[in-house]
Structure formats: structure tokens, C-alpha cells
Amino acid sequence: MSAAKRRLQVGVIGLGRLGRLYAQDLAARIPETRVVAVCDIDPLLVAEVADELGVRGRHSESADLVRNPEVEAVVIVTPTRAHREHSVLSLREGKPTFCEKPPALRASEAMEIGDTARTTGVLFQMGFMRRFDRGYQEARRLMTEGRIGRAVLYKSTSRDPYRPALAFADPRSSGGLLMDMGIHDFDIARFLMGEVRSVSTIGGVLAYPELGALGDIDNAVVSLTFESGALGVVDLSRSGIYGYDASTEVLGDAGTLRVGFLRETPLQVMTRNQVVHDTVPGFVNRFAEAFTRQLRDFALNVLHGRPASVTIEDGIEAIRISEAAQRALVSGQRIDLSSAAL
Ligand code: NAD
């Protein structure tokens, strides 16, 4: 059967908030894929998702999924602390691998993934779904065309309406606010503006003392300088309250671009002295299309023998910025990304 007609047989590891959505995408929304195996340490989730999607391969051990001969490619959506282990396992088994952001908790661990991909020659693609959002893609295209002139200021906001579950948020598992959430804004900073030169950070525990007890912060502001000389500011919050807000602005010397929206339903209610609309409840609502496009892109790259669209090097660079932002927070110093100590 020709590659164009063939359905890539995918195995999904991790069936939580995002993994379940990915399994549904791969089983039902992407014409070029089907799910032949799922894996989670929670057997109830495995049974539920496998029954829902009619999947035969049911595993509680990631090693069994990657060795399942029916599995041609692996999608990893486990907690960040497990990404390195699962990615290396899958690549060594010769299976093209997609792994959710961040690819690891530390740049050094992500480099191990990169080394394994290089030595095995197996495709590894990073999950940074904002790159597949039509708003961010169009912004990049317009900037490349010169529509806003020279980019002067990058301003990016990520706000969750409330904190995630503590088991998820634990920095030993997620990397903490600056890694888990900031990595999106740092990746898009590179996507739109080029390489980051330095970072400084202020942050604190202002809304959720229980996150402080875990060793994390819940609000932060990171200022950036870029190699181009442009400036940047990223604000991150676990206590956005009004809804999920991922928005980015690039100020150029000939115009400004703004990506993102706050309204979920296309409805505004206008009464005397008041205009009201709803808000976007969560990341799934804001980025549903981007998540599907991202996985489809991975599948098409595998089927057509094309290289990864988002590479482990992109993941490593974004982790390096997150790590530098964390060091800047702790030290109170501006951190230069070229510094050898990183
Ligand atoms: P989650 O905690 O809801 O789900 C993780 C799942 O992995 C759980 O079901 C858990 O039982 C399972 N698991 C844990 N260890 C495992 C192992 N060793 N083998 C197999 N299964 C295992 O987490 P989530 O919110 O779905 O996040 C998963 C990943 O996706 C994280 O890395 C996170 O950063 C990323 N994520 C990205 C976005 C985004 O906007 N791109 C949004 C949410 C989550």
C-alpha cells in the first residue's frame, strides 16, 4: 500500500489529561493514523481508553508497548519526569517517537534523547503545539515577510485559571512553573524572534501556598533580551481566575501582531454599560486544532520519511531558557545563556 494511503500504527504511553485526547485524535480525527496500543500505569485508564477506541494492545509497562510488533510509532504523554526514559526506550527500539513538552526535566537529559536519536537514526519530534496554531504560524509568516518591520518587543502571557493537581505540579515531576508553563512562551520566543541572549526573573508564591510547600512558585515575570537586540517579557500565572489565557504580542517598528483570544463561544451580550462574553476554559479548548495538526504532522513526517518539524534541539534550547530563568529567580541575577556554567 502506498505511504499516502497507509495508516500509521501508533502506540500511546500516558493516558491522562492530554494523553487521552491524543489517543482520541490518533484514533478518530487523523485519517493517516490508528491506535494499536495504549499504556498507562493506571489499569483502569488503559481499559477505559482501549474500550472507548477499540484498541487491542493494552499495556501497563512502557517497555511492552514499545516492543509490541504492531506499534510502528510511539507518542509519549507521560509526566515530564518520565519523558527521557520513555523516549530513549522507544528510539532504541527503532520506533519513530513523538514526545510532549518539555522533553525532559533538564537540558542534559534532553541531550541524551538527542544523542540516541542521532546514533539510532530514528525520527524524534517534539511536542510544542503552539507552533501548529494558525495564529502563531501566521504571525511568523507575516514577520518573515517584513509586515511589522523590525521586531522590537516580544510580550507573552500564559495563565491557567487555577492550579493543576499537586501531583502534576510538583517540580520534581513537571519541572515547576518556569519549565512546565514557561517553556511554551520561551519556545515561541525563539520561533518568532530568534535566539535568546539573557534572562532575569522575579516570581513568588502569591496564590497557592501549597505550591510553595512543594518548592514551586505560582506567578512569575521573566524579562528577556534577544541576540537581535530586541527585548521581551513573559508573565506566567497559575491563578489567572478568568480563564485560560495564552496570548502573545510582537511590537515591530512598522506594526504590531497579537496572537490569542479570550472568548470561547462566538457570542457577546451587550446591555446598558456592559459587554459580556465567556472565556476559554482550558488549554484543550484553546489549542484543540493545534494538538491535532501537530500529531498529524508527526505521522506524515514518519509516513513520508521526512525530518521532524520540531526537533530535540528546539526542546533543548527551550529547556535551557527555562533553566536559566530558574537560576535567575534564585540568584536575583541576570543570566546570560551563553554562560558556560549552564
Ligand atoms: P496527567 O498526570 O494527567 O497524565 C499522565 C499520565 O501518565 C497518567 O495517567 C499517569 O498514570 C501516566 N503515567 C505516569 N507514569 C507512567 C509510566 N511510567 N508509564 C505509563 N504511564 C505513566 O498529565 P498530563 O496533564 O496529561 O500531562 C502529561 C504531559 O503532557 C506532561 O509532560 C505535560 O507537560 C504535557 N502537557 C502539555 C500541555 C500542552 O499545553 N502542550 C498540556 C497538558 C500537559
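The structure this text deals with has already been given above.
(A) How the structure looks around unusual backbone geometry. A cis geometry characterises the amide bond from Lys 101 onward to Pro 102, with omega recorded as -25°. With respect to the element layout, Pro 102 can be found in the loop between strand 5 (97–100) and helix 5 (107–120). Of note, Ile 241 is a non-glycine position whose phi angle comes to about 65°, a positive value. Mapping Ile 241 onto the fold places it in the loop between strand 10 (231–237) and strand 11 (245–252). Residue Asn 273 is not a glycine yet carries a positive backbone phi of 60°. Note on placement: Asn 273 falls in the loop between strand 13 (269–271) and strand 14 (274–276).

(B) Looking closely at the packing of helix 1 (residues 17–29) against helix 12 (residues 283–303). For the pair helix 1 and helix 12, interaxial distance at closest approach is 10 Å and the crossing angle is 50°. Between helix 1 and helix 12, the crossing angle belongs to the class labelled oblique. When you trace helix 1 past helix 12, the crossing you get is right-handed. Of the residues in helix 12, those in contact with Arg 17, Leu 18, Leu 21, Tyr 22, Asp 25, Leu 26 and Arg 29 of helix 1 are Phe 283, Val 284, Phe 291, Thr 292, Gln 294 and Leu 295. Here the contact of helix 1 with helix 12 is built from residues that sort into eight nonpolar, two polar and three charged.

(C) Looking closely at the sheet that holds strand 12 (residues 255–259). The sheet built from seven strands is open, its strands ordered 12-11-7-10-9-8-15 with mixed pairing. The sheet is open, and its two borders are formed by strand 12 and strand 15 (335–336), each paired with just one other strand. Taken together, the eight bridges between strand 7 (residues 151–159) and strand 11 define a ladder with antiparallel strand orientation. Residue pairing across strands places Thr 157 opposite Ser 247, the latter belonging to strand 11. On top of the sheet, helix 6 (residues 134–145) reaches strand 7, strand 11 and strand 12; it is set at about 165° to strand 12, its chief contact. Sitting on the sheet, helix 13 (residues 312–331) is in contact with strand 8 (196–204), strand 9 (219–226) and strand 15, with an inclination near 50° to strand 8.

(D) The pairing of strand 5, seen in detail. Side chains Thr 97 and Cys 99 project from strand 5 onto one buried face, and the interleaved Phe 98 and Glu 100 project onto a second face that is buried too. Looking at chain direction, strand 4 (residues 73–76) and strand 5 are connected through three bridges and run parallel. Opposite Val 75, over in strand 5, you have Phe 98 as the bridge partner. In this fold, the crossover linking strand 4 to strand 5 by way of helix 4 (residues 83–92) has right-handed handedness. One crossover worth recording links strand 5 to the parallel strand 6 (residues 124–127) by way of helix 5, and it is right-handed.

About the cut-offs
- Residues numbered from 1 in each chain as written.
- Predicted model: local features only at pLDDT ≥ 70, side-chain atom pairs only at ≥ 80, totals over all residues.
- Heavy atoms only, no water.
- Helix = DSSP H or I, 4+ residues; strand = E, 2+ residues; numbered from the N terminus.
- Axes fitted to C-alpha atoms, helices over the stretch in contact; angles between N-to-C directions.
- Parallel < 35°, antiparallel > 145°, perpendicular 65-115°, else oblique.
- Left-handed = near helix turned anticlockwise from the far one by under 90°.
- Contact = heavy atoms within 4.5 Å.
- Nonpolar A, V, L, I, M, F, W, Y, C, P; charged D, E, K, R; others polar.
- Pairing = 2+ DSSP bridges.
- Buried < 20%, exposed > 50% of the residue type's maximum accessible area, 1.4 Å probe, protein only.
- Right-handed = clockwise from strand over helix to strand, strands pointing away.

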